Amino acid sequence: GYHSEMLAFNNLMYNCGNYLIYATGGGTYNFKQNTFAGYNIDFPRKTAALSFSDYLSNKAYNDLYIELTNNIIYGSLGNELDIQKKSTASVRYNLINNLIKTTNTGFNNNFLNINPGFMAVDSENFELADNSFAVKKGYNLSADPHYTSYLSTDIKGIKRIYPSALGCYEKK
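Colleague: Is there a simple way to think about the state of the cysteines in this case?
Modeller: Put plainly, two cysteines are in a disulfide when a covalent bond ties their sulfur atoms together. The full count for this structure, using the stated rule, is zero disulfides. There is no disulfide at cysteine 16, and the cysteine sulfur nearest it, in cysteine 168, is 13 Å away. Taking the relative accessible area as the measure of exposure, cysteine 16 reaches 44% and is therefore partly exposed.

Below is the structure:
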């Protein structure tokens, strides 16, 4: 995203080189019930799975607003979520009930550095195991304006019952 507006619901994004999401130049980003898995077993990766910045150019910056709810943001690095404020532009974020692998301890109301319990990372199966921590941890999104169109079911069409599982896969 380059000073973009991006909405993403019920997606699985994994092993995409350095970044799964790279958003620069500010913008508005609304991600709910996604699984972001940055493992890249076959080659090294040095950047966070999700990276956001207000930086547009040496002389231009834009406001940045990030809303993340019920996502899994996990991978092989110590920090998989990077939010950069490089100017006096407004950088605001609302992070609720995400499972995040991070070195930042300031993400309150989230689950930090807890293994999500994917079925089989080595074979790229990012569904949740029966004993996954992420099961029944989801914030109730039934009042969200995108609920009926995108959030009432998971990526496979399974109905979400709150508290839902985190990420794109529901687990009964």
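From this point, the narrative continues.
Colleague: Teacher, can you tell me more about the sheet that holds strand E2 (residues 12-14) here?
Modeller: On the basis of which strands lie adjacent, the open sheet formed by five strands has the order E2-E4-E9-E12-E13 and parallel pairing. The sheet is open, and its two edges are formed by E2 and strand E13 (111-112), each paired on a single side. Here E2 pairs with strand E4 (residues 35-38) via three bridges, running parallel. From the neighbouring strand, leucine 12 faces E4, where its bridge partner is threonine 35.

Colleague: Before we go on, may I ask you to explain the pattern of salt bridges in this structure?
Modeller: When charged atoms on two side chains of opposite charge get close, those side chains can pair. Applying the stated rule across the entire model yields six salt bridges. Here lysine 32 makes a salt bridge to aspartate 144, at a shortest N to O gap of 2.5 Å. Placement of the pair is lysine 32 in strand E3 (residues 21-32) and aspartate 144 in the loop between strand E15 (125-128) and helix H1 (147-151), with a sequence separation of 112 residues. Overall, aspartate 144 belongs to the buried group, its relative accessible area being 14%. Between arginine 160 and glutamate 170 there is a salt bridge, and its shortest N-O distance comes to 3.4 Å. Of this pair, arginine 160 sits in the segment after H1 while glutamate 170 sits in the segment after H1, and the two are 10 residues apart along the sequence. Grouping residues by exposure puts arginine 160 and glutamate 170 together as buried. Through salt bridges with shared partners, one network takes in Lys32, Glu67 and Asp144.

Rules and cut-offs
Residues numbered from 1 in each chain as written. Predicted model: local features only at pLDDT ≥ 70, side-chain atom pairs only at ≥ 80, totals over all residues. Heavy atoms only, no water. Disulfide = S-S within 2.5 Å. Buried < 20%, exposed > 50% of the residue type's maximum accessible area, 1.4 Å probe, protein only. Pairing = 2+ DSSP bridges. Helix = DSSP H or I, 4+ residues; strand = E, 2+ residues; numbered from the N terminus. Salt bridge = Lys/Arg side-chain N within 4 Å of Asp/Glu carboxyl O.

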